[in-house]
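Residue-level structure breakdown
What follows is each chain in one-letter form.
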Amino acid sequence: SQQGEEDPQALSIQEGENATMNCSYKTSINNLQWYRQNSGRGLVHLILIRSNEREKHSGRLRVTLDTSKKSSSLLITASRAADTASYFCATDAYKLTFGTGTRLQVTL
Amino acid sequence: DTEVTQTPKHLVMGMTNKKSLKCEQHMGHRAMYWYKQKAKKPPELMFVYSYEKLSINESVPSRFSPECPNSSLLNLHLHALQPEDSALYLCASSQPAGQIKETQYFGPGTRLLVL
């Protein structure tokens, strides 16, 4: 399976803390994307990082990519209760393949 | 308009029913997708349409029949489903799905329950 693995599977933090989630994948990629999904709803695209990029920022999000290790990380700084959601990495081969996801819970 | 809409939001059907899920986008995207998502699992690709032609069928059972009437609409026709087909069905669209996969825009999904 080309499916990526994410860890941790679940993460619980307090508001204001940083959240880091990791993604490992198996095949060569052109880009890697991160998506967010609120419970039972559609996915929202967060950020896309291309294979020739090592780091990318968007607001409170920071994504890194290490193609030699076939891994990526998503850092959410100064988390808020509204960040509570599942986060998926997605890699591209002939199709977009989603990782197993990290369920983030941010408590007040 | 960066929205993908899906109807209905919820659907309950018996195993002998015929129903359809609908998806619409007006972003000028020429690639559209159907995904199936079970609880606490990632979305799994079912079908891809590129320029209104079916380009990928991920070995989906024939009781699921996709249709792309035009560049803005995508349907998923359901017939003789099984209880294990109960899931969240997500539609997405993007610029044409070539070798490099760009951002996909997802609809809110249809929650399907098969009794």
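Higher on the page you've got the structure.
First things first, this report covers the structure right here in the doc. All of these numbers come straight from a predicted model, not from anything done at the bench.

What counts as what
Residues numbered from 1 in each chain as written. Chains lettered and ligands numbered in written order. Predicted model: local features only at pLDDT ≥ 70, side-chain atom pairs only at ≥ 80, totals over all residues. Heavy atoms only, no water. Helix = DSSP H or I, 4+ residues; strand = E, 2+ residues; numbered from the N terminus. Buried < 20%, exposed > 50% of the residue type's maximum accessible area, 1.4 Å probe, protein only. Polar contact = N/O pair within 3.5 Å; in protein donor to acceptor, adjacent residues only side chain to side chain. Disulfide = S-S within 2.5 Å. Contact = heavy atoms within 4.5 Å. Buried area = accessible area lost by both parts, 1.4 Å probe. Nonpolar A, V, L, I, M, F, W, Y, C, P; charged D, E, K, R; others polar. Core = buried A, V, L, I, M, F, W, Y, C linked by side-chain atoms within 4.5 Å. Pairing = 2+ DSSP bridges.

This paragraph deals with the environment of A:Ser68. Residues and elements named next belong to chain A. Structurally, the position occupied by Ser-68 is in the loop between β7 (61-66) and β8 (71-76). With a relative accessible area of 65%, Ser-68 lands in the exposed category. Along the backbone, Ser-68 and Leu-43 are 25 residues apart, and their C-alpha atoms lie at a distance of 28 Å. Reaching out from Ser-68, the side chain makes a polar contact with the side chain of Asp-66 at a distance of 2.5 Å.

With that out of the way, let us pick up the state of the cysteines. Residue and element names in this part refer to chain A. One pass over the structure, following the stated rule, counts two disulfides over all chains. Covalent S-S linkage joins Cys-23 and Cys-89, the inter-sulfur distance amounting to 2.1 Å. One quick way to see it: the torsion about the S-S bond of Cys-23 and Cys-89 is about 70°, and its sign makes the bridge right-handed. Placement of the pair is Cys-23 in strand β3 (residues 19-24) and Cys-89 in strand β9 (residues 85-92), with a sequence separation of 66 residues. With a relative accessible area of 1%, Cys-23 lands in the buried category.

On the side of chain A, 23 residues touch chain B, which itself brings 21 residues to the contact. Between chain B and chain A, a total of about 1,700 Å² is buried, with carbon and sulfur atoms accounting for 54% of that surface. Connecting chain B to chain A are five residue pairs in polar contact (both at pLDDT 80 or more). Looking at the side of chain B that touches chain A, the elements with two or more residues in it are β4 (31-37) and β9 (87-94) of chain B. Its residues placed into classes, the side of chain B that touches chain A shows ten nonpolar, five polar and six charged.

Attention now moves to the nonpolar core. If you look at the biggest cluster of nonpolar residues, it comprises 23 residues, and the most contacted ones within it are B:Trp34, B:Phe64, B:Leu76 and B:Leu78. Of all the elements in the fold, those that place two or more residues in this core are β2 (10-13), β3 (18-25), β4, β5 (44-50), β7 (64-70), β8 (73-79), β9 and β11 (110-114) of chain B. In terms of nonpolar packing, the next biggest core, distinct from the first, is built from 20 residues, A:Ile13, A:Cys23, A:Tyr87 and A:Val106 among them.

Another aspect to go through is the pairing of β7(B). Residue and element names in this part refer to chain B. Pairing between β7 and β8: five bridges, direction antiparallel. Looking at β8, one finds that Asn-70 is bridged to Leu-73. Hairpin geometry of β7 and β8 is characterised by an intervening segment of two residues between the two adjacent antiparallel strands.

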